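Secondary and tertiary structure notes
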Amino acid sequence: MRKNQTTITSVLLMSLSYDQKIIYVLFTVFLLIYLMTFLTNSLIILLVVTCAHLHTPMYFFLGNLAFLDMSYSSVTAPKLLYNLSTQDWSISLPDCIAQIFFVIYFGSSEVFLLSSMSYDRYVAICRPLHYNRIMSWGTCTQMVSLVWSSAFLAPIICTLCLRRLTFCGPSFICNFFCDLPHLYQISCTDTFINVLVLIIVGCVLGTVAFVITFYPYVRIFRTVFKIRTSDGKRKAFSTCTSHLTVVFIFYASVIFIYYVPNTSNLLTLNKVVTVIYALITPLINPLIYSLRSKDLKAALQKAL
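All values derive from a computational prediction rather than experimental measurement.

Describing the overall build of the chain
- A count of helices and strands for the chain gives eleven helices and two strands.
- Mapped from its N terminus to its C terminus, the chain presents α and β elements in the order β-α-α-β-α-α-α-α-α-α-α-α-α.
- Relative to the compact-globule value of 19 Å for 304 residues, the chain shows a C-alpha radius of gyration of 21 Å, a close match.
- Across the 304 residues of the chain, 48% fall into the buried class.
- Partitioning the intrachain contacts of the chain with sequence separation of at least 6 by distance along the chain shows that 77% fall at a separation of at least 24.
- Taking the average location of the 21 positive side-chain charges in the chain and that of its 10 negative ones, the two points are 13 Å from each other.

Next comes the structure, spelled out in C-alpha cells:
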C-alpha cells in the first residue's frame, strides 16, 4: 500500500479536447448522436410492439437489443455531454462505480443477447420446419429473461470486489467514462485479486458467450453451402448479414479497448474506438437492421 497518500472522493475523467471550438463541435455532434440513438431505437421498439407482422422471435430479440442500446448509451452520453458543456470533468467515486456497474451490465447483456439471436438464426436456417415449435413465445421469453438476469453476475462480482480497495490517486482516469482497468490504476491497494477476478469472470463469461454466438454459424454455413441454387444461398445469407455485422463491430471494439495495450502511441486511436463503442455502436445497430429489413421498412412506411 502506498503511504502518505490522501484518500480521494472523486476522480477526473479525460477531456476529449482542450480547444474550445472543437469542444463546441464535439458537444453538438455527440448530442445529435445521442438524440438519434434514442429516436431510432425507440422507433424500432414502437414498431415491434404495435405491428402485428413483426411479432416474431427475430424482432422480439431486436426490440430488446434496441432497448439495450438506448440504456447503454444513456449510461455514458449524458455525463459526457454535461462534461463538455461545463468543462467539469470530475465525477464522484460512488457515481464512477455506479457507471462501471451499468457499463458492465449492459455490455454483458448485449453479449448474451447476441448469442440468443445467433441461436434464433440457426433454428431458422437449419431447422426451418421446426422453427415455430422450438422458438415459441415461451422459449423466447425465457431466453430474454435469462439474458437480463444472468448479466447481473459480472457487474455484481466486479463491483463488490472494489470494496476492498482504497483510492488515493493520482485521481486522473485516461478515459471519458469510468471503467475498471482505469480505476485500478488509481488504487493505493494491491489490485492483484481484483484483476484476477476480472480476468476469470471475463474469460468464463466471454468464452461461453463467444462459443454460443459463433458455433451456430458454423452449422449455418455448413447448411447454406449444401444449398444448390445461388438464389437460395443468397436468401439464407441475407437473414444473417445484419446480425453478423453487429456482432463483429461489437467484438472488435471490445477486443481493442480491453486487450490492446493503452500506449501513448495509440491514445488517439483508443479515444476514437472508445467513442465508437460507447456512442456510435448503439446508433449503428438499429440502422443496420432497419436498412436490411424489408419488414421494418414496410412497417415504418405504414406507420408514416
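Now, onward.
Examining the side chain of S108
- Structurally, the position occupied by S108 is in helix α3 (residues 93–126).
- For S108, the residues in contact, after removing those within four places along its chain, are A151 and A154.

Focus: the state of the cysteines
- The tally for this structure, following the rule as stated, stands at one disulfide.
- Disulfide pairing is shown between C96 and C178; the S-S distance is 2.1 Å. Here C96 and C178 share a disulfide; its torsion about the S-S bond, -125 degrees, makes the bridge left-handed. You can see C96 sitting in helix α3 and its partner C178 sitting in the loop between α6 (153–161) and α7 (180–184), a full 82 residues away along the chain.
- With no disulfide of its own, C174 lies 13 Å from the sulfur of C178, the closest cysteine sulfur.

Some remarks on helix α8 (residues 192–225)
- Helix length check: α8, at 34 residues, gives a terminal C-alpha distance of 48 Å against a target of 50 Å (1.5 Å per residue), a fit within 8%.
- Within the sequence span of α8, burial applies to N194, V197, V201, A209, T213, F214, P216, Y217, I220 and V224.

A closer look at helix α2 (residues 57–86)
- Its 30 residues give α2 an end-to-end C-alpha distance of 44 Å, which sits within 8% of 44 Å, the value for a rise of 1.5 Å per residue.
- A bend of about 35 degrees at S74 is the largest found in α2, and the proline P78 appears one to four places after it.
- Summarising burial for α2: 21 of the 30 residues are buried, a large majority.
- Q87, located one to two residues past α2, shows a positive phi value of around 60 degrees.

Here's the deal with unusual backbone geometry
- Of note in this structure, Q87 is not a glycine but carries a positive phi near 60 degrees.
- Following the sequence through the fold, Q87 ends up in the loop between α2 and β2 (90–92).

Let's talk about the nonpolar core
- Membership of the largest hydrophobic core comes to 93 residues, with the highest contact counts inside it found for V11, F30 and L183.
- In terms of residue count, the dominant contributor to this core is α3 (15 residues).
- For F30, the residues in contact, after removing those within four places along its chain, are L16, L80, L81, L84, V275 and L279.

Quick word on the UniProt feature "transmembrane region" (unreviewed entry) in the chain
- Those places that UniProt annotates as "transmembrane region" (unreviewed entry) correspond, in this numbering, to residues 22–47, 97–114, 134–157, 192–215, 236–260 and 272–291.
- Structurally, residues 134–157 is divided into 83% helix and 0% strand, and its ends, taken at the C-alpha atoms, are 33 Å apart.
- Secondary structure content for residues 192–215 is 100% helix and 0% strand, while the C-alpha to C-alpha distance between its ends is 33 Å.

A short note on the packing of α2 against helix α5 (residues 137–150)
- Interhelical geometry of α2 versus α5 gives an angle of 20 degrees and a closest axis separation of 10 Å. With respect to each other, α2 and α5 are oriented roughly parallel. Relative to α5, α2 is oriented so that their crossing is right-handed. Contacts between α2 and α5 pair P57, F60, F61, N64, F67 and L68 from the former with W137, C140, T141, M143, V144 and W148 from the latter.
- A per-class count over the contact of α2 with α5 returns ten nonpolar, two polar and no charged.

Some words on the environment of L12
- Mapped onto the elements of the fold, L12 is located in strand β1 (residues 10–12).
- Considering only alpha carbons, one finds L12 and I156, 144 residues apart in sequence, at a separation of 24 Å.
- Leave out the neighbours within four places in its chain, and L12 touches W89, S90, S171, F172 and I173.

Some details on the side chain of R121
- Of note, R121 is situated in helix α3.
- Owing to a relative accessible area of 8%, R121 belongs among the buried residues under this scheme.
- Setting aside residues no more than four positions away along its own chain, R121 makes contact with M58, Y131, Y217, I220, T239 and C240.

Cut-offs and rules
Residues numbered from 1 in each chain as written. Predicted model: local features only at pLDDT ≥ 70, side-chain atom pairs only at ≥ 80, totals over all residues. Heavy atoms only, no water. Helix = DSSP H or I, 4+ residues; strand = E, 2+ residues; numbered from the N terminus. Rg over C-alpha atoms; globule rule 2.2 N^0.38 Å. Buried < 20%, exposed > 50% of the residue type's maximum accessible area, 1.4 Å probe, protein only. Contact = heavy atoms within 4.5 Å. Lys, Arg positive; Asp, Glu negative; His and termini not counted. Charge placed at Lys NZ, Arg CZ, Asp CG, Glu CD. Disulfide = S-S within 2.5 Å. Expected span 1.5 Å × (residues − 1). Bend = angle between axes of the 7 residues up to and from the residue. Core = buried A, V, L, I, M, F, W, Y, C linked by side-chain atoms within 4.5 Å. UniProt positions renumbered as here; feature names shortened; annotations may be inferred. Axes fitted to C-alpha atoms, helices over the stretch in contact; angles between N-to-C directions. Parallel < 35°, antiparallel > 145°, perpendicular 65-115°, else oblique. Left-handed = near helix turned anticlockwise from the far one by under 90°. Nonpolar A, V, L, I, M, F, W, Y, C, P; charged D, E, K, R; others polar.

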